[in-house]
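If you want the building blocks of each chain, they are given just below.
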Amino acid sequence: MKTSEGFAKTLVIAEKPSVAQDIVRALTPVAGKFDKHDDHFESDTYVVTSAVGHLVEIAAPEEFDVKRGKWSFAHLPVLPPYFELKPIDKTKSRLSAVVRLAKRKDVTKLINACDAGREGELIFRLIEQYAGGLKGGSYQTLGKPVQRLWLQSMTPAAIRDGFEHLRSDAQMQGLADAARSRSEADWMVGINGTRAMTAFNSRDGGFFLTTVGRVQTPTLSIVVEREEKIRAHRSRDYWEIHGSFLAEAGEYPGKWFDPAFKKPTGDDADLEQRADRVWSQREAQAIADAVRGKAASVKEESKPTTQASGLLYDLTSLQREANGRFGFSAKTTLQLAQSLYERHKALTYPRTDSRALPEDYLPTVKQTFEMLAGSGMKHLSPHARTALDGGYIRPSKRIFDNSKVSDHFAIIPTLQAPHGLSEAEQKLYDLVVRRFLAVFFPSAEFMVTTRITSVVNHHFKTEGKVLVKPGWMAVYGKEAAEDVVDAKEGDKGQNLVPVREGETVRTESVETKGLKTKPPARYSEATLLGAMEGAGKLVDDDELREAMQEKGLGTPATRAAIIEGLLTEKYMFREGREIIPTAKAFQLMTLLRGLGVEELSKPELTGEWEYKLAQMEHGKLSRAAFMGEIAAMTERMVKKAKEYDRDTIPGNYATLQTPCPNCGGVVKENYRRYGCTGADGNSEGCGFSFGKSPAGRTFEPEEAEQLLATKKIGPLEGFRSKAGWPFVAEIVIKFNEEEKNWKLEFDFGDDKKSEETGELVDFAGSESLGACPKCGGAVHEHGANYVCEKSVPTMAQATPTCDFKSGKIILQQPVAREQMSKLLETGKTDLLDKFVSMRTRRAFKAFLAWDKEAGKVNFEFAPSKFPPRKTAAGAPVRAAAGKAAPAKKAAPAKKAAAKKTPAVKAPKAPRKTTAASGKQPSAALAAVIGADAVSRPEAVKKLWDYIKANGLQDAANKRNINADAKLEPVFGKPQVTMFEIAGVLGKHLS
């Protein structure tokens, strides 16, 4: 077929440039040579290009959208009649290139080669619709036939096979509807929910950003509910009774239990009850005394049992395992798996929710085993060889089951042996390969013995579990009983000494063990992923989890991003492997419960939505019906927030230990504030209160306690200005003379504070980051800055002589210690990418560099990709800051957005002190430093000169100063510490 421009061609659109290159390499042997162009590859029959992830985003049309400054209930809900498609700013040029290729007259057919899943489908569909254009309130297609390339593996053979089995556009319509519906539903719920909750929380002024989401908020509720159980848990004492029994063949242990015990059920059931727990020490001691030294009879039952290996991995189970074994975050595991799939071609498609393989995949599995057996991977190849020689690779419904394979199958190794893996990639690859090998190996075989020893109507249980045949455990190096999972002394895992039938044994020793009940464990990423998969129900059984996963929170591909989003928004934080919710999270859950917005806090309901999207993918639910439900839920949610008219939200609030600074009353928390409630804790109090969430950052109860006790806290991160931009500050409580009460204020720090007061800074325990570029002194961390030791008053030098200082946070970019050390050593940091312009509010990348000529730290920008423009006169024009080629003098690096700091100036000559500007020393101090008027720093310097000249620093501790006859009237005592000097001087200067 020919067109006016030549032969008809097919445009292939991949999701990423690396995939486009792989497709070109795979097609070259069958389609001929490809020519490389700036933004695509082209042969006689194909044009291959790529997106770079999402190029287009959905948004409400301008007339229906409401900007941040107008986030009030008057403009809500936002339910646009249709969604406009907007280019994503940073990839506009890429979108233009792809659209230009799609519109070429010689391109008569399109192939969607984006990732095989809901998100890949959406990326392509939005590009195609954007290219077709908006007509009459809906987007049109280009009118060119579309086919789908569905890849599970990125090897050349798999890509060529995919081109031979392209799917039709009609086959993909259900997935396309689900993808678009998910995107629009997330927009509607996220935008309306976030704006409604932000409007509610900002009623008292300021801007309190309160983000909510269709999936992120139910996920957060899981973590908050667990933390509430932990906080509500009251530890109780209980006792266990452990005995040791002597048989003819030797001793064995046993633990007392109640054979009549039944697990409590019902809503008010005491779940801490166990068959082997006694709740009274007296009762436990009575049992121990009753059986000690007594003869006992024995009954035992031994039976063989088997244990199969775990199922093949889907993404969530792989993320859970990698988090448990290696501490990898879900995000890290996904990135590693994606790299092993895309870059190394060593694993199949990772964003899968299936744990089975297609039934026709047995020949490929055998080939994979042969590849592994012949590879140089000595820790894996022997097991692959064992499986091949033993004929282990056989059809099995547990492994090969078409009914359990939807769009993707389980994650397994490909036929390509990897090379050049990083340590982390190797760990993850080994994890997948071992599971792949193990699932074909025979079950592990154990002999389990349960022995009941009866002594005067009391019963002791002993369990032994002996590994008879390791089976699949051999793949993991488990060959003996001590390798058995959960083996515990006196419980399981040990070989038991034999007891003859009818033999009487003796209770050799018995002791009681006092223990305490423990709260439920906090979530780790592994257990949280499991809870998301089960829509809030933590299910460990593989088969049960598989049955529930269609109703999970999010999808395997999105769960990592949801967790990361909650961490970024400061709703949760990591502490080791635990995930802990913040006060902001508790406040959000209190609000949602108080407003009755269950739709946003119930994991089960959101799980139902995911289930409906899955039904839509399979053509069992219409897109219109689903979106109608979402719109109705959105209107209901906004209405409840808008019409709430009570003063506070009911909730479980804290009582602070520190009393009211104004009247000594009890300070309690409510939804919005901490306030005085009078001496009895139940009245209106004296009027003292402070907001819980100044500038949108919610105090943890411990932080509120510290602030009240010390009147100061910080510097703290996470505050937001009225325009929504983050900043860092300290917070203080100060007495307001006009109102005769204490008020909360921001304190952005005054770096000259120590200089003005003469208070000495001690760097004794601080490690230097390097040499000051101005004077060669040591640079240290000090407050919110990195400073030269000679820029603040110290014991060695009371009056500063240098002014080198650089912020630890500059335009929202944290500057790590190692980066400042690098700047001091080499003159420049690495390229940092989180600066945010004060003027444009856009992020930009830059180096921080020492500008010797200006005498300060400046920005230095990476060279521009484009040559400078020529003016009419022929002189080059530099681009705007953030895109310019490096210039010797760039914009000076500013401190954090919280406060504009003037550029550091060259050190001035010390200003002369006059009788008018200085302070008059007392007679006692004048006897030491003279009677002339002095500033406080001068007084400190003169005093230190006197101390050093007369050797008055204590020999044992140089921080202590001994008073001589002249100094004792000044100090008022025989000895002071160096830190007291500034305070002492204040009493003698007027």
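Anything mentioned here points back to the structure above.
Just so you know, these numbers come straight off a predicted model, no measurement behind them. (Residues numbered from 1 in each chain as written. Predicted model: local features only at pLDDT ≥ 70, side-chain atom pairs only at ≥ 80, totals over all residues. Heavy atoms only, no water.)

With that out of the way, let us pick up the packing of aromatic side chains. By the definition in use, this model includes 26 aromatic pairs. Ring centres of phenylalanine 83 and tryptophan 187 lie 5.2 Å apart, and the angle between their planes is 80°; on these two criteria the pair is classed as edge-to-face. Taken together, the residues span a long stretch of sequence, with phenylalanine 83 in the loop between strand E7 (56-59) and strand E8 (84-87) and tryptophan 187 in helix H5 (residues 173-201) at a distance of 104 residues. Looking at phenylalanine 83, the relative accessible area reads 7%, which means it is buried. Exposure remark for tryptophan 187: the relative accessible area of 13% places this residue in the buried category. Put simply, the rings of Phe369, Phe400, Phe436 and Phe440 pair up and form one aromatic cluster. Between lysine 711 and the ring centre of tryptophan 742, over which it is positioned, the NZ or CZ distance is 5.4 Å. Above the face of the phenylalanine 847 ring, lysine 828 is positioned so that its terminal group lies 4.5 Å from the ring centre. (Phe/Tyr/Trp six-rings, centres within 6.5 Å; stacked < 30°, edge-to-face > 60°. Helix = DSSP H or I, 4+ residues; strand = E, 2+ residues; numbered from the N terminus. Buried < 20%, exposed > 50% of the residue type's maximum accessible area, 1.4 Å probe, protein only. Lys NZ or Arg CZ within 6 Å of the ring centre and 35° of its normal.)

Let us look at helix H8 (residues 315-326). Taking 1.5 Å per residue, 12 residues should reach 16 Å; H8 reaches 16 Å between its end C-alpha atoms and fits that length. What H8 keeps buried is the set Leu315, Thr316, Ser317, Leu318, Gln319, Arg320, Ala322 and Asn323. Immediately downstream of H8, the backbone of glycine 327 shows phi near 75°, a positive value. (Expected span 1.5 Å × (residues − 1).)

Next up on the list: the environment of valine 291. Residue position: valine 291 is located in helix H7 (residues 281-291). What makes valine 291 buried here is its relative accessible area of 0%. For valine 291 and glycine 243, which are 48 residues apart along the polypeptide, the C-alpha to C-alpha distance reads 9.0 Å.

Under the defined criterion, the tally for this structure stands at 53 salt bridges. For lysine 9, the salt bridge is made with glutamate 42, and the minimal N-O distance between the two is 2.6 Å. Note that lysine 9 is positioned in strand E3 (residues 9-14) and glutamate 42 in strand E5 (residues 41-42), a separation of 33 residues in sequence. Look at lysine 9 and you get buried, because its relative accessible area is 13%. A relative accessible area of 12% means that glutamate 42 is categorised as buried. Taking the shortest distance from any N to any O, the salt bridge between arginine 817 and glutamate 781 comes out at 2.8 Å. Of this pair, arginine 817 sits in helix H21 (residues 817-826) while glutamate 781 sits in strand E29 (residues 778-782); the two residues are 36 residues apart in sequence, bridging distant segments of the chain. Take glutamate 781: its relative accessible area is 28%, and that puts it in the partly exposed class. Through salt bridges with shared partners, a single ionic network connects Lys9, Glu42, Arg104 and Asp106. (Salt bridge = Lys/Arg side-chain N within 4 Å of Asp/Glu carboxyl O.)

Within the element layout of this structure, serine 317 appears in helix H8. Among the polar contacts made by the side chain of serine 317, one reaches the side chain of aspartate 314 at a distance of 2.6 Å. (Polar contact = N/O pair within 3.5 Å; in protein donor to acceptor, adjacent residues only side chain to side chain.)

Read these as spatial facts, not as claims about activity.
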